[in-house]
Amino acid sequence: MEIRKINARTVTNAVKKLFMDCNYYIGDDITAALKRGLECEKSPVGKSVLSQLLENNEIAANEQIPLCQDTGMAVLFVEYGDKVVIEDGGFEDAVMQGVREAYDEGYLRKSVVSDPVFDRKNTGDNTPAVIHTRIVSGDKIKILAGGKGFGSENMSAIAMLTPSKGVEGVKAFVLDTVRRAGPNPCPPMIVGVGIGGTFEKAAQLAKKATLRAIDTSNEDERYAKMEQELLGEINKMGFGPAGLGGSTTAIGVNIETYPTHIAGMPVAVNICCHAARHKSTVI
Ligand code: SF4
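**Student:** Is there a simple way to think about the site of the ligand in this case?
**Tutor:** Looking at the ligand, the residues that line it are Cys 68, Gln 69, Asp 70, Gly 149, Gly 151, Ser 152, Cys 186, Cys 273, His 274, Ala 275 and Arg 277. Residue classes in the shell around the ligand are distributed as four nonpolar, five polar and two charged. Residues from two domains meet in the shell around the ligand; each of domain 1 (4-23 + 67-148) and domain 2 (151-276) gives at least three.

If you want it as structure tokens, here you go:
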């Protein structure tokens with residue numbers, strides 16, 4: 001395979017479009033789940049919230065305005081083909097420029113502060129983004145991008161479980177985390193679960209799980225079954241849409257896994273709100 005040259009501007013334009021689009025247009029999987037929730041929800045307040053969310057998302061798409069005021073911190077999962085060379089700039093700078101332009105020209109709220117403890121000064125352009133890059137074989141760049149709101153991000157948790165905790169231990173930790181989150185993550189939520197790897201890999205898997213379409217299941221039927229069981233248990237908790245009561249607390253549970261060490265079983269839970277914004281592209 002020949003080396004392929006991609007101009008930095010092409011990367012910037014692609015990233016800019018991803019973040020503008022994901023903030024204006026909710027995915028079809030989320031819309032279908034909200035509609036299903038509206039049909040099944042017994043709580044009148046819950047029903048009303050779901051219909052307002054659907055209306056809100058429609059207005060955002062029609063008028064090209066952000067579907068939530070918190071337009072999130074930019075997170076990208078990149079599969080970078082090893083035959084790609086970026087011309088007229090560097091890859092990371094090109095991505096940051098795309099984020100900058102999307103948040104500026106798209107009238108998206110700038111939500112990132114520089115130093116996390118002392119200064120907490122807004123960087124003014126929503127950069128830096130969080131970029132997870134894998135080098136893969138090929139001559140393309142695949143980008144999965146999401147704007148992550150922190151009402152739900154703050155409710156996430158990780159546990160370094162011992163293997164003896166088994167399936168029940170995993171389920172108990174996921175359910176405990178969601179129960180503790182309560183109404184805070186702007187339900188109906190999507191629960192991303194990362195199991196395996198190391199401490200940081202589990203967290204990364206959980207984040208990636210929130211970006212997977214909720215009308216898909218884990219390829220391993222044992223985990224697919226766990227996804228359905230957890231979804232059922234979460235929806236018995238009663239938090240409901242916007243945390244105002246009802247049976248539509250979550251619209252999806254996605255599990256991603258990775259091999260791990262013989263002595264451990266890391267489990268991370270990353271919660272995403274109903275404003276589940278993600279889009280992907282291939283350059
Ligand atoms: S958690 Fe989600 S829905 Fe709630 S304010 Fe933040 S981005 Fe918006």
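**Student:** Which parts of the structure should I look at to understand the side chain of Lys 16?
**Tutor:** Along the chain, Lys 16 falls in helix α1 (residues 8-24). Here Lys 16 is in contact with Gly 98, Glu 101, Ala 102 and Glu 105, once residues within four sequence places are set aside.

**Student:** Where do I start with the packing of helix α6 (residues 166-181) against helix α8 (residues 221-234) in this structure?
**Tutor:** The geometry of a pair of packed helices is captured by two quantities: the angle between their axes and the separation between those axes. Axis separation between α6 and α8 bottoms out at 11 Å; the angle between their running directions is 40 degrees. One element, α6, and the other, α8, form an angle in the oblique class. Considering only the axes of α6 and α8, their crossing is right-handed. In contact with Val 167, Val 170, Lys 171, Val 174, Leu 175 and Val 178 of α6, α8 contributes Met 226, Glu 229, Leu 230, Glu 233 and Ile 234. Across the contact of α6 with α8, the residue classes break down as eight nonpolar, no polar and three charged.

**Student:** Got a minute to help me understand the pattern of salt bridges in this structure?
**Tutor:** Opposite charge on two side chains permits them to pair, given that their charged atoms come into close proximity. Evaluated as defined, the whole model comprises 19 salt bridges. The salt bridge partner of Arg 212 is Glu 256, with a shortest N-O separation of 2.8 Å. Separated by 44 residues along the polypeptide, Arg 212 in the loop between α7 (199-210) and α8 and Glu 256 in strand β8 (residues 250-260) bring together distant segments of the chain. With relative accessibility at 16%, the residue Arg 212 sits in the buried group. What makes Glu 256 partly exposed here is its relative accessible area of 25%. Of the charged contacts in the structure, one is a salt bridge between Glu 229 and Lys 225, with a shortest N-O distance of 3.3 Å. Of the two residues, Glu 229 and Lys 225 both sit in helix α8, four residues apart, roughly one turn of that helix.

**Student:** Help me understand the environment of Lys 121 in this model?
**Tutor:** Turning to its location among the elements, Lys 121 is positioned in the loop between α4 (91-105) and β4 (130-136). What makes Lys 121 exposed here is its relative accessible area of 58%. When neighbours within four sequence positions are excluded, Lys 121 is seen to be in contact with Val 112, Val 113 and Ser 114.

**Student:** Explain the domain arrangement of the protein to me, please; I cannot follow it from the model alone.
**Tutor:** How big an interface is tends to be expressed through the accessible area that disappears when the partners come together. In terms of domain boundaries, the protein breaks down into domain 1 (4-23 + 67-148) and domain 2 (151-276). Each partner contributes to the interface: domain 1 provides ten residues, whereas domain 2 provides eleven residues. Summing both sides of the interface, domain 1 and domain 2 together bury roughly 840 Å²; the carbon and sulfur share of this comes to 72%. A per-residue breakdown of the area domain 1 buries against domain 2 is headed by Phe 77, Leu 144 and Lys 148, which together make up 61% of the total. Across the domain 1-domain 2 interface, the total number found is one salt bridge. Here Lys 148 and Glu 153 are joined by a salt bridge, their closest N and O atoms 3.2 Å apart. Run the count over domain 1 and domain 2 and you get four residue pairs in polar contact (both at pLDDT 80 or more).

Calculation rules
- Chains are numbered independently. Their residues run from 1 in the order of the written sequence.
- A pLDDT threshold of at least 70 governs which residues receive local features in this predicted model, and a stricter bar of 80 or more applies before side-chain atom pairs are shown or counted, although totals over entire chains, interfaces and linings include all residues.
- Excluding hydrogens and water, the side-chain figures rest on all heavy atoms present in the structure.
- Here, proximity means that at least one heavy atom of the residue falls within 4 Å of the molecule or strand.
- Here the term charged refers only to Asp, Glu, Lys and Arg, the term nonpolar to Ala, Val, Leu, Ile, Met, Phe, Trp, Tyr, Cys and Pro, and the term polar to all other amino acids, Gly among them.
- Per the annotation, domain bounds derive from an automatic or database assignment of domains.
- Numbering of helices and strands runs from the N terminus; a helix is a DSSP stretch of H or I covering at least four residues, while a strand is a stretch of E covering at least two.
- We call two residues in contact whenever any of their non-hydrogen atoms come within 4.5 Å of each other.
- Here the axes come from fitting lines to C-alpha atoms, over the contacting stretch only for helices, and the angles between their N-to-C directions go from 0 to 180 degrees.
- What sets the label is the angle itself: under 35 degrees gives roughly parallel, over 145 gives roughly antiparallel, 65 to 115 gives roughly perpendicular, and the rest give oblique.
- Working rule for handedness: look at the near helix, and if it is turned counterclockwise from the far one by less than a right angle, call the crossing left-handed; if clockwise, right-handed.
- Think of a salt bridge as a Lys or Arg side-chain nitrogen and an Asp or Glu carboxyl oxygen that are within 4 Å of each other.
- Residue burial is assigned from relative accessible area. The probe radius is 1.4 Å, only protein chains are included, and a residue is buried under 20% of its type maximum, exposed over 50%, and partly exposed in between.
- In short, buried area is how much 1.4 Å probe accessible area vanishes from two parts on joining, totalled over both.
- Counted as a polar contact is a pair of N or O atoms within 3.5 Å, where, for protein atoms, one must be capable of donating a hydrogen and the other of accepting one, and residues adjacent in sequence contribute only when both atoms are in side chains.

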